[in-house]
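# Reading the structure
Each chain, letter by letter, is given below.
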Amino acid sequence: SGEDSVIVNGHKTLIINRSKWIFDDKTEEYLIARLNRYNLTVVDQAYDPSNYTSRNIIGIQQGTKHPEKILIVGGHHDAVADYAADDNASSMAAVLETARILSKKKFEYTIQYIFWDEEEYGDWGSKYHAKYIKSNKENIVGVVVLEMLGYDSNNDFKFDIQTDENQASVNLANTITDVIDLCNLNLHANIVIPGTDRSDHYSYWREGIYYGVCYSGQMLSGDANPAYHTNEERINLFNLPYFTELSKLTIALTAHLAKPVVLFTDSNEKISQKEASFQITQSNNKS
């Protein structure tokens, strides 16, 4: 979010603005370097031949048993104003932390960690990607979109899950609440049916890919960040315990949906994939 410097191509730099009109690729190069650090296969998806600053960045963690089945978890990397800590650096950070932790584990399904471009200008990055996976007939088992995870003014730890009326989307929303209970997270989900069209999840619904939801703070349901889309939208407005719980949820949900390779206890007793997901989350609670 530009509050501190990062390393891009070996140089210390501040990334204060991620808006498309500045034609600066530092964000994309930073994301590529981080995903490479986690030994993921990185795809730099330039989707407009006339404008190569339009780039989705994708980190791929290959599944071990059913690699053809793909789980998507991501958030958009572009912004409207300077800093944009909540919208959407918060989601970028949660996805990167999920990739850092889960890249050390093995899962039956393939996980794609995606950072979409140009959400703020019409969801162009996710529209391109949704059409791409549909045309390639990829087997998508879930699409989890993150949006603005940092703001909770009244400490009620409520968040919204934007859900399509299709049963596949409803089932995914219900799975989120199950994971919250399984991992004893301090979160209270508000399932919104029908969900808004105001984020990247809608690009997949438009293509008939209904195994998707978007979860976020309560921007549209009474607890909006007052600095939304201004240069004052900075990390000082974060409710950090709330952001931490939503980040834990992202890690646990991704692990659960991707199906951890079944583990064994010290006594060689096989444990369930559900318990494996729980153990992964609990072992990283201090991270």
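Residues numbered from 1 in each chain as written. Predicted model: local features only at pLDDT ≥ 70, side-chain atom pairs only at ≥ 80, totals over all residues. Heavy atoms only, no water.

### Re the overall build of the chain
From N to C terminus, the chain includes seven helices and ten strands. A burial count over the chain gives 53% of its 287 residues as buried. Total accessible area on the chain is roughly 12700 Å²; 48% of this is exposed by carbon and sulfur atoms. (Helix = DSSP H or I, 4+ residues; strand = E, 2+ residues; numbered from the N terminus. Buried < 20%, exposed > 50% of the residue type's maximum accessible area, 1.4 Å probe, protein only. Areas by Shrake-Rupley, 256 points an atom, 1.4 Å probe, with all protein chains shown as cover.)

### Some points on the pairing of strand E10 (residues 212-216)
Note on strand geometry: in a regular strand, side chains alternate between the two faces of the sheet. For E10, a buried count of five out of five residues is recorded, marking the element as mostly surrounded by other parts of the structure. Of the two faces of E10, the one holding Gly 212, Cys 214 and Ser 216 and the one holding Val 213 and Tyr 215 are both buried throughout. In this sheet, E10 lies alongside strand E8 (residues 158-163) in antiparallel orientation, the contact comprising four bridges. Its bridge partner being in E10, Thr 163 is matched across the sheet by Val 213. (Pairing = 2+ DSSP bridges.)

### Considerations on the pattern of salt bridges
For the coordinates displayed, the defined rule picks out eight salt bridges. We note a salt bridge from Arg 55 to Asp 44, for which the minimum N-O separation is 2.5 Å. Residue Arg 55 is located in strand E4 (residues 55-61), and its partner Asp 44 is located in strand E3 (residues 41-46); the two are separated by eleven residues in the primary sequence. A single salt-bridge network, built from bridges that share partners, covers Asp 25, Glu 29, Asp 44 and Arg 55. (Salt bridge = Lys/Arg side-chain N within 4 Å of Asp/Glu carboxyl O.)

### Quick look at the side chain of Gln 162
You can see Gln 162 is positioned in strand E8. Engagement of the side chain of Gln 162 in a polar contact is seen with the backbone nitrogen of Thr 196, the distance being 2.9 Å. Ignoring sequence-local partners within four residues, the contact set of Gln 162 consists of Val 192, Gly 195, Thr 196, His 201, Trp 205, Val 213, Cys 214 and Leu 220. (Polar contact = N/O pair within 3.5 Å; in protein donor to acceptor, adjacent residues only side chain to side chain. Contact = heavy atoms within 4.5 Å.)

### Here's the deal with the packing of helix H4 (residues 167-182) against helix H6 (residues 240-258)
Relative to each other, H4 and H6 sit at 115°, their axes nearing to 10 Å. The hand of the H4/H6 crossing is right-handed. Note on element contacts: H6 touches H4 through Leu 249, Ala 252, Leu 253, His 256 and Leu 257, opposite Leu 172, Thr 175, Ile 176, Val 179 and Ile 180. In the contact of H4 with H6, the residues fall into eight nonpolar, two polar and no charged. (Axes fitted to C-alpha atoms, helices over the stretch in contact; angles between N-to-C directions. Left-handed = near helix turned anticlockwise from the far one by under 90°. Nonpolar A, V, L, I, M, F, W, Y, C, P; charged D, E, K, R; others polar.)

### A few points about helix H2 (residues 85-102)
The terminal C-alpha atoms of H2 lie 24 Å apart, and with 18 residues this matches the ideal 26 Å at 1.5 Å per residue to within 8%. Most of H2 is tucked away: 15 of the 18 residues are buried. (Expected span 1.5 Å × (residues − 1).)

### Concerning the packing of helix H1 (residues 26-37) against H2
For the pair H1 and H2, interaxial distance at closest approach is 10 Å and the crossing angle is 20°. Relative to H2, the element H1 lies roughly parallel. Every pair of crossing elements has a handedness; the one defined by H1 and H2 is right-handed. In this structure, H1 contributes Thr 27, Tyr 30, Leu 31, Arg 34 and Leu 35 to the contact, and H2 contributes Met 92, Leu 96 and Ala 99. Residues that form the contact of H1 with H2 fall into these classes: six nonpolar, one polar and one charged. (Parallel < 35°, antiparallel > 145°, perpendicular 65-115°, else oblique.)

### Points about the pairing of strand E5 (residues 66-76)
When E5 meets strand E6 (residues 109-116), the two strands line up parallel, connected through eight bridges. Among the inter-strand pairings, Leu 71 is bridged to a residue of E6, identified as Ile 111. With H2 bridging E5 and the parallel E6, this β-α-β connection has right-handed handedness. Pairing of E5 with strand E7 (residues 139-147), which is carried by six bridges, proceeds in the parallel orientation. Bridge pairing in E7 links Leu 71 to Gly 142. (Right-handed = clockwise from strand over helix to strand, strands pointing away.)

### Focus: unusual backbone geometry
Residue Asn 88 is reached from Asp 87 by a cis peptide bond, and omega for that bond is 20°. Tracing the backbone shows Asn 88 in helix H2. Each neighbour pair has its own omega, and for Ile 193 with Pro 194 the value is -5°, a cis peptide bond. Along the polypeptide, Pro 194 turns up in the loop between strand E9 (188-192) and helix H5 (201-206). At Asp 123, a position not held by glycine, the phi torsion is positive, near 60°. Within the secondary structure, Asp 123 is located in the loop between E6 and helix H3 (124-135). The backbone phi angle of Phe 157 is positive, close to 55°, even though this residue is not glycine.

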